[in-house]
Amino acid sequence: MRRLVGRNVRRIRLEKGLTQEAFAERSGFSQQYLSSLERGRRNPTIVTLFELASALGVSHVALVAPDGESGAAAPLRRGGRSGKTTTAPKGP
């Protein structure tokens with residue numbers, strides 16, 4: 001999800017003809033933060049997504065919309081973060 005948001009922010013920023021520096025001035029975030037965000041190394045909050053979208057003049061939904069580059073989303077696994085799946089015991 002971080003990479004998807006980063007790709008969308010970068011794509012929209014470039015479509016608007018903004019450099020990272022100009023976007024930083026407009027959004028109030030540092031150029032370093034925006035660079036890390038675009039590279040998928042930051043995990044923005046919902047409030048941050050809203051502020052970035054406002055600075056770009058788009059809906060916050062545009063920042064999380066699938067872009068076709070990430071392929072299908074990985075299915076969620078049962079059993080938490082460990083990646084282990086859980087199964088019910090068989091019979092008595």
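Small disclaimer: the values here were computed from a predicted structure and weren't measured.

Definitions and cut-offs
Residues numbered from 1 in each chain as written. Predicted model: local features only at pLDDT ≥ 70, side-chain atom pairs only at ≥ 80, totals over all residues. Heavy atoms only, no water. Phe/Tyr/Trp six-rings, centres within 6.5 Å; stacked < 30°, edge-to-face > 60°. Buried < 20%, exposed > 50% of the residue type's maximum accessible area, 1.4 Å probe, protein only. Helix = DSSP H or I, 4+ residues; strand = E, 2+ residues; numbered from the N terminus. Patch = residues over 30% accessible without salt bridge, like charges linked within 9 Å, V, L, I, M, F, W, Y side chains within 5 Å. Areas by Shrake-Rupley, 256 points an atom, 1.4 Å probe, with all protein chains shown as cover. Salt bridge = Lys/Arg side-chain N within 4 Å of Asp/Glu carboxyl O.

> Go over the packing of aromatic side chains, please, and point to the residues and values.
With the rule as written, the count across this model stands at one aromatic pair. Where F29 meets Y33, the ring centres are 5.4 Å apart and the plane angle is 25 degrees; that geometry is what we call stacked. Assessed through its relative accessible area of 15%, Y33 is described here as buried.

> Summarise the environment of Q32; cite the residues concerned and give the values.
With respect to the element layout, Q32 can be found in helix 3 (residues 31-38). Remark: the alpha-carbon pair of Q32 and E21, spanning eleven residues in sequence, is separated by 9.2 Å.

> Please give an account of a nonpolar patch on the surface that cites residues and values.
On the surface, a cluster of nonpolar side chains totalling about 290 Å² of accessible area is made up of M1, V61 and V64. Here V61 shows up in the segment after helix 4 (46-56). With a relative accessible area of 48%, V61 lands in the partly exposed category.

> Report on the pattern of salt bridges, specifying residues and quantitative values.
This model, assessed by the stated rule, comprises four salt bridges. One salt bridge in this structure joins R7 and D67, with 2.6 Å as the shortest N-O distance. With R7 in helix 1 (residues 2-15) and D67 in the segment after helix 4, this residue pair connects regions lying 60 residues apart in the sequence. The exposure class of R7 is partly exposed, given its relative accessible area of 23%.

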